[in-house]
Every structure is written in structure tokens, then in C-alpha cells.
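# Chains, contacts and geometry: an overview
Here are the chains, one letter per residue:
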Amino acid sequence: MTRTSKKLTAGLFIVTVLTLGGLSLRSLANYGGAEKLDPINGELARDLENHYDERFPVRDLGTNIWAAINYLVFDEGRPGVTIGRENWLFTDEELFPATDNPELIDTNLQRVVEVNRFLRARDIPLVVLVVPSKARIYTEKLGDTRPAPEMQALYPRFLERLESEGITGPNLLDELERAQVEGTQVFLRTDTHWSPAGADVFARHASGFIRHSLDEQPWGEQTFVTTLGEPIRHEGDLLNYLPLDPLFEHLAPRPDRFNKRETVKAKSDESATDLLFSERQTDLVLVGTSYSANPLWDFPGALRRYLGKDLINLAEEGQGPFEPMTEYLQSEEFRTNRPSLVLWEFPERYLAQPITSEQALAWFGNTSHQLAAATNPNPSNPEEH
């Protein structure tokens, strides 16, 4: 290295340090501080440090650059996402089991059977609506990545177990695949979930199956109407695994776009009071995950429209299928308002996920409810557990 180049390198280093130092001081300029923080015991220092870390410019720069290199060069994001072809993203939960426990899937299948036995002992029918994974429907978008063998076998294994236990559950894989081949995008490109159109396809065929299988129930008594709103821009949950924003946002897959749907009861001669309490008057209950809980997909609305009957939606986001179900079975709602039918929306991938809820584990670990299910002489008066 010549003397000139050494001076140039040293100069660039000094300029870089001074530039970054100057930029980092900007984060201190907008620190408001908290008047009640005590500078003696360190509260003020910790708050100032957190503020500085959150706004340190190199922090975002490094994160964005590393994410861009991983995404563009290695086709990778943060752990949890698989980069597919043509900007399609997939959750790893659909491709790989969450643990090495070979008994986990069988354990979860047995838990589904236990829920059905509990309800059956009270003469309450259960329909399990198994949602095929996005990776199963859009295999051609996966690229070179392939699901683990146990994940490939998950959906047929689930349906076979339901059939062997006499549990009602439709196989709607063909209907979703047919809709996809005919041009309907049934799952979102940047999101784990189905599209509103895919939810509608699933609800239509599920409702046909339910009405045919449980023809003793009253169907078609109410009319619901679905309206399409303006197209919206939706940044899917899987984009969170590509921290390219703000510097390289343009490199990320473009957000999905779809028309938001809303389903409401058709206007009739019902009074305002009837409409206000209409949901509480129904005895049809839907339990499930974010596929049902997120209003963007309008899955409960599509079910209401195709079934011709209102329902109570007790689905929850971020809890998986087991926790909302066990919460419901122990709830005052279940004890005081006996359902005529329970629909359980259940994405197939959760069979390969462990239960983390202590409440749900306790319910399945408590065999007293199973004994009560077998001995309860009055199905209309479920015992508390």
C-alpha cells in the first residue's frame, strides 16, 4: 500500500466514523425523556439507552443489508419462512414438523378424538373443517423445497383418522385445487392464510357437505348478503420475515391486493332488537383459528350465507385450534347455551405443532371430563370441570 492510499483509507475511515457518529447523535436530539424517571437508580439511563438503540441508524442499515443479501443471493429470509417461486412465501410450519417428537401427530389426533367424544356424549354433533395447507395447494410455487414426508402425509392422515373414528369432516382439497386451476387465487402470496375468494370456495363446499350430512338441522332459514369493497393492499404476515424496510422495501415481494368482503343479514321485517340479538339466538357455533377470526377473509360470513343460518364465531387469532376449543368447552357460554352443532376449523399444519397453552394441556390431561362424558345421564346439562 502506497503512502497516498494509506492516507486515503485513513481519511475514508475517519469520515465514515464521523458521519455515523453524527447520524447517531440525531437520535438523541428527539429524546423527550421521562420526567418521572429517576437518574439516581438508573431508570433514566436505561430509558435513554433503549431510545438510542431503537433509533441508531446503523442498526436498521445492517439489518436491511443482511436481509437483502440473504433474500437476493441465498433466497432466504428469517427463520420461519421459505422463499418460493414468483415472490410466493410459505411458512415453515407447513413444511417441517415443529419438533422431533414422532408421537406428536398421533397425540394431537387423539386430542381431536377426545373433543368429539366429549361433545358426542352430550348429543352435540361436531364437524371438523380441515384446511389444507397453502404449500399443498401451491406446490409448484415452492421451488426446490419440498415438505418433510410426515407433512406431505398430514392431510390424508387427518381425514383417515376422522373417518375411522366416525367424526364428520369433508375432504375439500379437490375443490380448492380445482378453483386454483380455474383461476381463483385461493391463498395469498405473501400471507399464510387463504384469500377471501379461497375462504368463499371452502365455505361453499363445506356448507354443501354440512347441509347434506346433517339434514335434520334447519338450514336456509335466513338470507345473508355479501358485498365487495374497494381493492385493498395487504402486506401479508410472511413479509415480517423479510426485514427489508425501509432501505430495500422495493426488493420485497409486492403486497397482495384483493377486494375486502362483508357479509350481513339481508334486510327483513325483523325489528332492530331482533337484529341486535340475532347472533345470540343461534345455536350454531364456529370455533377455530385466524382463518375464521380475521374479518379480512370473511369466512364466517360466507358460512352464514351458504348455510342460510347465523352462527356464533368463537375463533381466536394466534392460539391454534386446540386452545379456543378447550376454552369454549369449559365456558359459561357452553354450559348455558347448548349448541346444536359445533364447527371446528382446523388448519392441517397444527397437527404437527405442540400445544403450549397450559389451560388446553390441563383439559386434555384431566381424564375426569372423559369419565363424565361417558356417565353424564343428562346430556343437556354438561358437567363443569
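Model, not experiment: these values are computed from the prediction.

Looking now at the layout of surface pockets. Considered as a void within the structure, the largest pocket measures approximately 510 Å³ in volume. If you go around the largest pocket, you meet 23 residues; those closest to its centre are Glu93, Gly318, Gln319, Gly320 and Tyr350. When its residues are assigned to classes, the lining of the largest pocket shows 7 nonpolar, 11 polar and 5 charged.

Let's shift gears to unusual backbone geometry. Positive phi values are uncommon outside glycine, yet Asn87 reaches one of about 65°. Structurally, the position occupied by Asn87 is in the loop between β1 (81-83) and β2 (89-91). A positive phi angle, close to 55°, is found at Asp298, a residue other than glycine. Its place among the elements puts Asp298 in the loop between α12 (290-293) and α13 (299-307). Judged by its relative accessible area of 11%, Asp298 falls in the buried class.

Since one α-helical turn is 3.6 residues long, residues separated by three or four positions face the same way. Spanning 18 residues, helix α9 (residues 196-213) covers 25 Å between terminal C-alpha atoms, matching the ideal 26 Å at 1.5 Å per step. Along α9, the positions that sit buried rather than exposed are Pro196, Gly198, Ala199, Asp200, Val201, Phe202, Ala203, Ala206, Ser207 and Ile210. Buried residues along α9 sit in contact with β3 (126-131), α8 (173-181), β5 (256-265), α13 and β8 (341-347).

Here the focus is the packing of aromatic side chains. What the rule picks out here adds up to 16 aromatic pairs. With a centroid separation of 6.3 Å and 55° between ring planes, the pair formed by Phe258 and Trp297 is classed as tilted. One end of the pair, Phe258, is in strand β5; the other, Trp297, is in the loop between α12 and α13, with 39 residues separating them in the sequence. With 5.2 Å between their ring centres and 65° between their planes, Trp344 and Phe346 make a pair best called edge-to-face. By relative accessible area, Trp344 is classed as buried at 0%. What makes Phe346 buried here is its relative accessible area of 0%. Taken together, the aromatic side chains of Phe118, Phe158, Phe322, Tyr328, Phe334, Trp344, Phe346, Trp363 and Phe364 make up a single cluster linked through ring pairs. Taking the ring centre of Trp219 as reference, the NZ or CZ of Lys309 above it sits at 5.4 Å.

Below, the discussion takes up a nonpolar patch on the surface. Residues Leu61, Ile65, Trp66, Ile69, Leu72, Val73, Phe74 and Leu247 make up a contiguous nonpolar surface patch of roughly 770 Å² in combined accessible area. For Val73, the position within the fold is in helix α3 (residues 57-74). Overall, the relative accessible area of 58% leaves Val73 in the exposed class.

This brings us to the packing of helix α4 (residues 104-120) against helix α14 (residues 322-329). Viewed as axis vectors pointing N to C, α4 and α14 meet at an angle of 25°, and their least axial separation amounts to 12 Å. As judged from the angle between their axes, α4 and α14 are roughly parallel. With respect to the hand of their crossing, α4 and α14 are arranged in left-handed fashion. Contacts between α4 and α14 involve Asn108, Arg111, Val112, Val115, Phe118 and Leu119 from the first element and Phe322, Met325 and Leu329 from the second. In terms of residue class, the contact of α4 with α14 is made up of 7 nonpolar, 1 polar and 1 charged.

Attention now goes to the packing of α14 against helix α16 (residues 358-365). Look at α14 against α16: their axes get within 9 Å of each other, and the N-to-C directions meet at 65°. Note on packing geometry: the crossing formed by α14 with α16 is left-handed. Touching Phe322, Glu323, Thr326, Glu327 and Leu329 of α14 are Gln359, Ala360, Trp363 and Phe364, all from α16. Looking at the contact of α14 with α16, its residues break down into 5 nonpolar, 2 polar and 2 charged.

Now for empty space enclosed by the protein. The full count for this structure, using the stated rule, is 1 cavity of 30 Å³ or more. Size it by volume and the largest cavity reaches roughly 40 Å³. Considering the residues around the largest cavity, the lining is formed by Glu94, Val131, Pro132, Ser133, Lys134, Tyr291, Pro347, Glu348 and Arg349. Considering only residue class, the lining of the largest cavity consists of 4 nonpolar, 1 polar and 4 charged.

Counted according to the given criterion, the structure contains 12 salt bridges. The salt bridge partner of Asp106 is Arg157, with a shortest N-O separation of 2.7 Å. In this pair, Asp106 sits in helix α4 while Arg157 sits in helix α7 (residues 154-164), placing the two residues 51 residues apart along the sequence. The exposure class assigned to Arg157 is partly exposed, which follows from its relative accessible area of 28%. Each of Arg117, Arg161 and Glu165 takes part in a single network of salt bridges with overlapping partners.

About the criteria used
- Residues numbered from 1 in each chain as written.
- Predicted model: local features only at pLDDT ≥ 70, side-chain atom pairs only at ≥ 80, totals over all residues.
- Heavy atoms only, no water.
- 1 Å grid on protein atoms, 1.4 Å probe; cavity = no way out; pocket = protein on both sides within 12 Å on 5 of 7 lines; lining within 4 Å.
- Points joined across faces, edges and corners; volume = space filled by probe spheres on them.
- Nonpolar A, V, L, I, M, F, W, Y, C, P; charged D, E, K, R; others polar.
- Helix = DSSP H or I, 4+ residues; strand = E, 2+ residues; numbered from the N terminus.
- Buried < 20%, exposed > 50% of the residue type's maximum accessible area, 1.4 Å probe, protein only.
- Expected span 1.5 Å × (residues − 1).
- Contact = heavy atoms within 4.5 Å.
- Phe/Tyr/Trp six-rings, centres within 6.5 Å; stacked < 30°, edge-to-face > 60°.
- Lys NZ or Arg CZ within 6 Å of the ring centre and 35° of its normal.
- Patch = residues over 30% accessible without salt bridge, like charges linked within 9 Å, V, L, I, M, F, W, Y side chains within 5 Å.
- Areas by Shrake-Rupley, 256 points an atom, 1.4 Å probe, with all protein chains shown as cover.
- Salt bridge = Lys/Arg side-chain N within 4 Å of Asp/Glu carboxyl O.
- Axes fitted to C-alpha atoms, helices over the stretch in contact; angles between N-to-C directions.
- Parallel < 35°, antiparallel > 145°, perpendicular 65-115°, else oblique.
- Left-handed = near helix turned anticlockwise from the far one by under 90°.

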